[in-house]
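Observations on chain architecture
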Amino acid sequence: MLRLFMKGNEAAVYGAILGGCRAYYGYPITPASEIAETAAKYFPQVGGTFLQAESEVAAINMVYGAASTGQRVMTASSGPGLSLKQEGISYSAGSELPLVVVDVMRGGPGLGNIAPEQGDYNQIVKGGGHGNYRVIVLAPNCVQEMCDLTKAAFELADKYRNPVIVLTDGFVGQMMEPVVLPEPITEFQEKPWVVDGTVKTVNNLISSIELEPEDLERHNIKLQKKYKTISENEVRYEELYTEDAEVILMGYGIVSRVLQSVVDEARSEGLPVGLLRPVTLFPFPTNKIQELSRTAKLFFVSEMSNGQMFDDVRLALEGKSPAKFFGHMGGVVPTTEEILEQLKMIFNELKE
Amino acid sequence: MLKEILKKPESFYDTFFRKPGANPESTHYCPGCGHGVIHKLIAEAMDDFGIRDRTIMISPVGCSVFAYYYFDCGNVQAAHGRAPAVGTGIKRALPNSIVISYQGDGDLAGIGGNNILQAANRGENITVIFVNNAIYGMTGSQMAPTTLIGQRTTTTPLGRSAKNEGYPLRISELLATLEAPVYIERVAISDAKHVLKTRKAIRKAIQNQIEGKGFSLVEILSPCPTGWGMSPSEANKWVDEAMCKYFKLGVYKDVNGSAVNNNTPAGNIAITKDEIVSLLGSNKPKDEKKFVKPEADENYKNPRIKIAGFGGQGVLLLGRLLSESAMLLDYHTTWLPSYGPEMRGGTANCHVNISDKRIGSPLVSTPDVLFAMNLPSLDKFENEVRENGVIFINTSMVNRKVRRKDVETVYIPATRIADEVGQTKATNVVLIGAFAEYTKLLSFESVLSAVKNIVRKKEFWETNETALKKGMEYVRNNRAG
Ligand SMILES: Cc1ncc(C[n+]2csc(CCOP(=O)(O)OP(=O)(O)O)c2C)c(N)n1
Ligand code: SF4
């Protein structure tokens, strides 16, 4: 099978093109810039549009315009750029526009640094813009998934008429791994709601306005129902050795790769640990966590943040199992060794 | 004439069904407001050009946020100030549509200033109708970027002062300095004569787009009786006497251009799997040649590798060569670089994993193999190497021995050998040759193939092949024991 060796950021563009995306609007930022650079190279070659926008604000609004026409379209950035895009994402959620944003997280707050971090979790998963909305959040942890999940993002976006964010970090964006190209999407659903400059759609309107409170509440309720359907149908996760695990490790993105190594090492030392990695952060694998809490003694969550996903794990656990957090911030990546050490301490405590 | 203009155009909805409340026949604008008149002029032009079906109207944020109540065409409502960006996305996806961006002065000249500037500068083939009423109507008469000096608003209760708020922005003049726009005119709608001129300007701005000429903008000085606290007739008079004095009417730009980006490709071009795959895989190995996997010595299986040196020494490339060669031998592999500005001029390092099994952390904190391409790298990373690990030392750049006794060492003057081959840059190829020979993890063929995939210029292939052979040879001849 043909394997191509590429960066996570490049793979996102490959996935997008195979997912039928034909327009890219973006503004450069480390560590996401290769996405724009790769898009600049390939989009024109597949009959698509690439445009470097004047800002992230402009980029997301260009995406909003293109999505209004039914075109599959994307943008990508990192933390500071995502902060700027939030208004546009809120508008898109309100107008129910399908579009894809890739966030290659870096260190914050403020200008922070360009090292990998996971401090955008709250602003992405909780809907960092205004209003009662959710976006679907996919969290790849390898280059193959950067390709596959970005492709999947376009299907999910169209299926639910909702923005989808691919949330990853500087390491997954910058690292190279072999990738097997997936099949391209060739069949697209009709989008009767678009405004595409034809008689058929001339009566359509793309808008997030509902002036009357009752109408806007109705619109909000409809959105909440959609989010519920998404929660019921689109949860994705990966588990490793969870059946007999006394301690369940949880992490997403690059941290889950470290945890994978930790599990291997720990198992070889006879420690019964397992890994639950959320692939979707919204919807969150709440049911799975609850199911595992019946057999596991403790949940151990690691993130490169101040524990933003940890809050969601605790919410899911409803106090029924203890949970511990171990994290780093500022671009420091936890090592296999230090997490193993933590685990050994935990197992000693559990014995007592 | 005026009467004829004010008749309901076809491109207006018969009843404004989207408008909530009791009066679906009348607009939501105040009596004497300029927006209603301007809407009708646009709709009438849409009728006459026969473009209703392919017109997409962008409603801004401002009093005209509900423009979509009225225009019987495709409608998109945009965030405050972003209509030109939204219009860009629409027009690029649908080059045959007619995109009209309708914006107030707060929207266009205030919050969206950069968006209009950049869209104009790109020469987007769209029509912008810019309604300058010198105030924020919708939010209750606050100052706009176009508010006149001395004009009282709710946020300039004593009148706008140049000292505190600066001068009113002349958008038409500003945009007319740009290369790309083809047509920019400022008009007014204070009386019938001016309305006729406005009608003509709007038509021209739309016609330009139909003909694919490029970016056109009509700035319309427009009364806001409510915001100004005037009667409709006083407001019209104020447009004529106060506004026209500062904002001079006239054509600021009218060139016979053709749109800078008029020939952007149309949306979703069908493209086959084979086309996409061959395009995406175009610069990558196409031959799915099978390489024979050598049997690596036990101590060197599944190595976690760290490579360190100066930026420019080919540190990252050595990592890629290791990974790509391993990939060709069907190993799992990861390559993780140090990235960003720290690399400029300074030190570079990268982490490579090669394994029979799926790889967890790509991060190498306890390397099995270290490549020290210069002295600082050896100083920094010597102690991280695991017991019985291997350190490859580029002795051309490192003038000391490894201090640890519990590791294996491979000393090789890689830079000197590369120089002898005639290409200093091939230092990393010499080193990978040494690695392949020493560990038996990679084969000569797999490395050579990886070199050819990465080093695009064919004229370097031969020297690289020699460098690879020399690296292998050096280890074969100098291996202890
Ligand atoms: C991001 C954002 N900031 C502020 C507002 C509030 N707002 C709505 S309309 C408006 C001013 C509009 O003025 P202008 O563009 O001159 O249009 P007019 O109402 O005068 O026609 C403002 C500030 C908003 N909707 N969004
Ligand atoms: S406030 Fe001014 S701009 Fe707004 S509708 Fe009334 S008159 Fe028109």
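Residues numbered from 1 in each chain as written. Chains lettered and ligands numbered in written order. Predicted model: local features only at pLDDT ≥ 70, side-chain atom pairs only at ≥ 80, totals over all residues. Heavy atoms only, no water.

Scanning all chains against the criterion turns up 49 salt bridges over all chains. For A:E96, the salt bridge is made with A:K222, and the minimal N-O distance between the two is 2.6 Å. Of this pair, A:E96 sits in the loop between helix 4 (79–95) and strand 5 (99–105) while A:K222 sits in helix 8 (residues 213–233), and the two are 126 residues apart along the sequence. Under the relative-accessibility criterion, A:K222 is labelled partly exposed at 45%. The residue B:E219 makes a salt bridge to B:R186 at a minimum N-O spacing of 3.1 Å. Of this pair, B:E219 sits in strand 6 (residues 216–221) while B:R186 is found in strand 5 (residues 183–188), placing the two residues 33 residues apart along the sequence. (Salt bridge = Lys/Arg side-chain N within 4 Å of Asp/Glu carboxyl O. Helix = DSSP H or I, 4+ residues; strand = E, 2+ residues; numbered from the N terminus. Buried < 20%, exposed > 50% of the residue type's maximum accessible area, 1.4 Å probe, protein only.)

Okay, the sheet that holds strand 10 (residues 237–240) of chain A next. Sheets are built from strands that pair by backbone hydrogen bonding, the pairs being arranged parallel or antiparallel. Residues and elements named next belong to chain A. Pairing within the open sheet is mixed, and its five strands lie in the order 10-12-11-14-15. Looking along the sheet, the strands with just one partner apiece sit at the ends: strand 10 and strand 15 (323–327). Within this sheet the neighbouring strands show an average axis-to-axis angle of 20°, counted without direction. (Pairing = 2+ DSSP bridges. Axes fitted to C-alpha atoms, helices over the stretch in contact; angles between N-to-C directions.)

Turning our eyes to something else, we now look at the domain arrangement of chain B. What the domain assignment lists for chain B is domain 1 (35–254) and domain 2 (283–478). The gap between the C-alpha centroids of domain 1 of chain B and domain 2 of chain B is 62 Å. (Domains from an automatic or database assignment.)

All names here are of chain B. Within strand 8 (residues 304–310), five of the seven residues are buried, leaving the element largely enclosed by the surrounding structure. Two elements, strand 8 and strand 10 (residues 347–355), share seven bridges in a ladder whose sense is antiparallel. If you follow G309 over to strand 10, its bridge partner there is A348. Where strand 8 meets strand 11 (residues 369–372), four bridges bridge the pair, whose relative direction is parallel. Across the sheet, I307 pairs through a bridge with F371, a residue of strand 11.

This part takes up the packing of helix 3 (residues 56–68) of chain A against helix 3 (residues 83–93) of chain B. Look at helix 3 of chain A against helix 3 of chain B: their axes get within 6 Å of each other, and the N-to-C directions meet at 45°. Judged on the interaxial angle alone, helix 3 of chain B and helix 3 of chain A are oblique. Like other packed secondary-structure pairs, helix 3 of chain A and helix 3 of chain B cross with a definite hand, here right-handed. Where helix 3 of chain A abuts helix 3 of chain B, its residues A:A58, A:N61, A:M62, A:Y64, A:G65 and A:A66 lie against B:A85, B:V86, B:T88, B:G89 and B:I90. (Parallel < 35°, antiparallel > 145°, perpendicular 65-115°, else oblique. Left-handed = near helix turned anticlockwise from the far one by under 90°. Contact = heavy atoms within 4.5 Å.)

On to the domain arrangement of chain A, then. Interfaces are often sized by the accessible area lost when the parts come together. All names here are of chain A. The assigned domain composition of chain A is domain 1 (3–233) and domain 2 (238–351). Computed over C-alpha atoms only, the centres of domain 1 and domain 2 are separated by 28 Å. Taken residue by residue, the interface counts 32 residues in domain 1 and 25 residues in domain 2. Three residues stand out in domain 1 for area buried against domain 2, namely Q118, Y121 and N141, and they jointly supply 31% of the buried area on that side. (Buried area = accessible area lost by both parts, 1.4 Å probe.)

Our focus in this paragraph is the site of ligand 1. The full set close to ligand 1 counts 17 residues, and B:C63, B:D105, B:G106, B:D107 and B:G137 are the nearest of them. More than one chain approaches ligand 1, the contributing ones being chains A and B. In the model, an oxygen atom of ligand 1 is placed 2.8 Å from a nitrogen or oxygen of the B:D107 main chain. Here an oxygen atom of ligand 1 and a backbone polar atom of B:I135 are 3.0 Å apart. Out of a free accessible area of 590 Å², ligand 1 has 77% covered by protein chains. In terms of residues, the shell around ligand 1 owes the most to one element, helix 4 (residues 105–111) of chain B, which gives four residues. Here the residues of the shell around ligand 1 sort into six nonpolar, eight polar and three charged. (Near = heavy atom within 4 Å. Polar contact = N/O pair within 3.5 Å; in protein donor to acceptor, adjacent residues only side chain to side chain. Areas by Shrake-Rupley, 256 points an atom, 1.4 Å probe, with all protein chains shown as cover. Nonpolar A, V, L, I, M, F, W, Y, C, P; charged D, E, K, R; others polar.)

As a further point, take the site of ligand 2. Every residue close to ligand 2 is listed here: B:Y29, B:C30, B:C33, B:H35, B:C63, B:N133, B:G137, B:C224, B:P225 and B:T226. Split into classes, the residues belonging to the shell around ligand 2 amount to six nonpolar, four polar and no charged.

Here we come to helix 17 (residues 461–478) of chain B. Given 3.6 residues per turn, any residue in an α-helix points the same way as the ones three and four places further on. Residues and elements named next belong to chain B. Between its first and last C-alpha, helix 17 extends 26 Å over 18 residues, near the 26 Å set by a 1.5 Å rise per residue. Among the residues making up helix 17, those that are buried are N464, A467, L468, G471, M472 and V475. Buried residues of helix 17 fall within an arc of 130° about the axis and therefore sit on the same side. Across helix 17 from its buried face, at more than 90 degrees, point the exposed residues E462 and N477. (Expected span 1.5 Å × (residues − 1). Arc of directions from axis to C-beta.)

Listed per partner, the contact involves 74 residues of chain A and 73 residues of chain B. If you sort the residues of chain A by the area they bury against chain B, A:R3, A:F5 and A:E54 come out on top, with a joint share of 11%. At the boundary of chain A and chain B, one finds three salt bridges. Residues B:D330 and A:R3 are paired through a salt bridge, measuring 3.8 Å at the closest nitrogen-oxygen approach. Its residues placed into classes, the side of chain A that touches chain B shows 38 nonpolar, 22 polar and 14 charged.

All names here are of chain A. A sheet is described by the order of its strands in space; here seven strands give the open sequence 3-2-4-5-7-6-13, paired in mixed fashion. This sheet does not close on itself; its edge strands, each paired only once, are strand 3 (49–52) and strand 13 (280–282). Averaged over neighbouring strand pairs, the angle between their axes works out to 20° when direction is ignored. Of the pairings in the sheet, the one linking strand 6 (residues 136–138) to strand 7 (residues 163–169) comprises three bridges and is parallel in character.

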